[in-house]
Amino acid sequence: MGLCCDLEVDVNGEETFLLDKQPWLFLIYSTGMTFLLSFWTVLTTFSRKLSRLFSGLTSQAGTLKVILPDFLGGAEDFELIARFCYNNGRTEISPFNAVLLNFAACFMEMDQVCSGRPSLLHQTEKSLEGINSWTWSQLLVALKQCQDLLPAMNSSYLLQKILDSVLGRLAFPSVVSPCTPSSSACSSFQLSTDTRSTESSKNSWSRPTWWFEDLVFLNADLIDKLVNMMISQKLDHATLSRFLFYYQKSRFLIAGPAEKRKITEVVVTLLSLLDSSSVSCKGLFEILRMALSVKVNKCCRNKLESLIGSQLDQATLDNLLIPSPRGKDYIYNVNLVLRLLKSFLGGQFSSTQLKKVAALMDLYIAEVAPDSSLKPTKFLALVVTLPDSARESYDGIYRAMDIYLEVHSSLREEEKITVCRALNNEKLSPEALRHLAQNSKFPSKTAAKAVVISQQAKLRSLLPSTHHLKDFNYSADCYTLKGSKGEKEDPDQILLHVRKLSLSTENQRLKAHLQGMQWRVIELEKACSGMQARIEHIMKSRLPSRSLPKLCS
């Protein structure tokens, strides 16, 4: 450009300010990267940092160059303080620049009185004292400026002051002062791509979620700090959990891999501080899928699995069907589900919750049973992790086991027996027992046991009627004896005695029938034991297999 200057100020290597001693030279080229300011010595008058830097220099020194590589406020902030110095300590301080000017005043050590005017630091601090009267939009502008100045602002009282004011507006939304349509600064304020109109903002203050979109621009560190403050102030946990889910989902749309991991870890940690009843189980599973994709640290994963485990009874089958990690042959992440089960069992739960989880696991086991890569040990672990009392019926497990044995027909007999040991035959329905007794996919020992249990169930079904007859007969005898004590029997008593004799005869026939059935069961058990002994002998001697007689028709 050919402009003469006495001082060059390089701000962060991005923009250069040219300062000249002539008062009439004050040019700023906003489209370029070169700025010309007048009378650079005035900067040293207001800034102790520059004063120390230029101490010992004479006025005959040539053009000087100052490099400010860590000036976080950037060129915009440096221009503000340059204008302050050029105007002899006068400048307009508003909620939209108070934070930038305060930070610049601290960085450049502009805390001394000049020409009888207060220092820039004093003037900005005076302006910040009125922060409680700022509008919500002005607070958000200041908060965003603080975020841009992090980490230098992280330990500053100013950041805490703004966060306290934001928290106050959230705790008492009735004091929120929305911006007016005439406010040009407010109308130009845009922190997200979906800035709401003034009218829609006014109509939404009553909703507990009105502030969600406004705070999405905050990074994970500030969200962590702000939400912890909200928790300490006992804000509604259900609202906070909804915000965290909203924040995590919104930020994931624009964040990179490292930021996604950081956001997820922060959100999970904050959710773990809330009342578990206020956290959505569905939302936790959504975060779990994201957490697995970005590979969060083990501590975060454990916290998340613990959160889900505490309310596993609210989960659905679709929630559990999470694909296995890369490099694994099996279809679904069975190890994850086993960890969730252990987390559930490690907490407090009612019998109703336990039965809900058992019903859910029966559906899950049936879904993973056709997986040809699922090992018998994993299938067995899914069945036996829950206690036997959790299931009133094992029909679902039997159907899943039937599918598993059909897909894994190459299993050895010992492996099949091991898998089938998890099946509680006594909790199978009669239909399932009949099917099992004729199911060739199951080991013969398991099928034989089903036959025995089926016969025992038939016996038990007949016993109650026998006891009823016995009790009735006993009562009738007592009544007859009572009538024989010198009392004259009336016709009703005689009729009752006749009925007693008839029932006694029927009772004897039933007893004889039951005894016969008991002998049949004993003979069946002996036959099954003999068959099992012969099977074991054949297997040990490795003789050619031959067809075995059917256990029952």
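These numbers were taken from a predicted model, which means no experiment stands behind them.

**Thoughts on the overall build of the chain**
In terms of helices and strands, the chain carries 23 helices and five strands. The 553 residues of the chain split such that 43% are buried. Summarising the internal contacts of the chain: among those between residues at least 6 apart in sequence, 67% fall at separations of at least 24. Just so you have it, the chain exposes about 30,000 Å², and 53% of that area is on carbon and sulfur atoms.

**Quick word on the pattern of salt bridges**
Under the defined criterion, the tally for this structure stands at 15 salt bridges. A salt bridge links Glu286 to Lys249; its shortest N-O distance comes to 3.7 Å. Placement of Glu286 in helix α13 (residues 281-294) and of Lys249 in helix α11 (residues 237-252) is noted, with a sequence separation of 37 residues between them. Salt-bridge contacts for Lys427 lead to Asp388; the nearest nitrogen and oxygen are separated by 3.2 Å. Taken as a pair, Lys427 in the loop between α20 (413-420) and α21 (430-437) and Asp388 in the loop between α18 (376-384) and α19 (395-407) lie far apart in primary sequence, 39 residues in all. The class for Lys427 is partly exposed, based on a relative accessible area of 23%. With a relative accessible area of 34%, Asp388 lands in the partly exposed category. Because the salt bridges share partners, they merge into one network encompassing Arg48, Arg52, Glu109 and Asp111.

**Structural notes on the environment of Lys161**
Within the secondary structure, Lys161 is located in helix α7 (residues 157-171). Those residues in contact with Lys161 that lie beyond four places of it in its chain are Leu128, Glu129 and Ile131.

**What about α7?**
Three- or four-residue spacings in an α-helix give side chains the same orientation, since the helix completes a turn every 3.6 residues. With 15 residues, α7 extends 21 Å from end C-alpha to end C-alpha; this agrees with the ideal 21 Å at 1.5 Å per step. For α7, the complete set of buried residues consists of Leu158, Leu159, Ile162, Leu163, Ser165, Val166, Leu167, Arg169 and Leu170. Along its buried surface, α7 packs onto α4 (98-107), α5 (120-128), α6 (136-148) and α10 (220-232).

**Considerations on the confidence of the model for the chain**
Mean pLDDT for the chain: 78, with 72% of residues reaching 70 or above. Note that pLDDT drops below 50 for residues 466-489; the model gives that stretch 20 contacts with residues more than four away or on any other chain. Throughout residues 545-553 the model reports pLDDT below 50, and contacts reaching past four residues in sequence, or to other chains, amount to nine contacts.

Cut-off values and rules
- Residues numbered from 1 in each chain as written.
- Predicted model: local features only at pLDDT ≥ 70, side-chain atom pairs only at ≥ 80, totals over all residues.
- Heavy atoms only, no water.
- Helix = DSSP H or I, 4+ residues; strand = E, 2+ residues; numbered from the N terminus.
- Buried < 20%, exposed > 50% of the residue type's maximum accessible area, 1.4 Å probe, protein only.
- Contact = heavy atoms within 4.5 Å.
- Areas by Shrake-Rupley, 256 points an atom, 1.4 Å probe, with all protein chains shown as cover.
- Salt bridge = Lys/Arg side-chain N within 4 Å of Asp/Glu carboxyl O.
- Expected span 1.5 Å × (residues − 1).
- pLDDT = per-residue confidence, 0-100.

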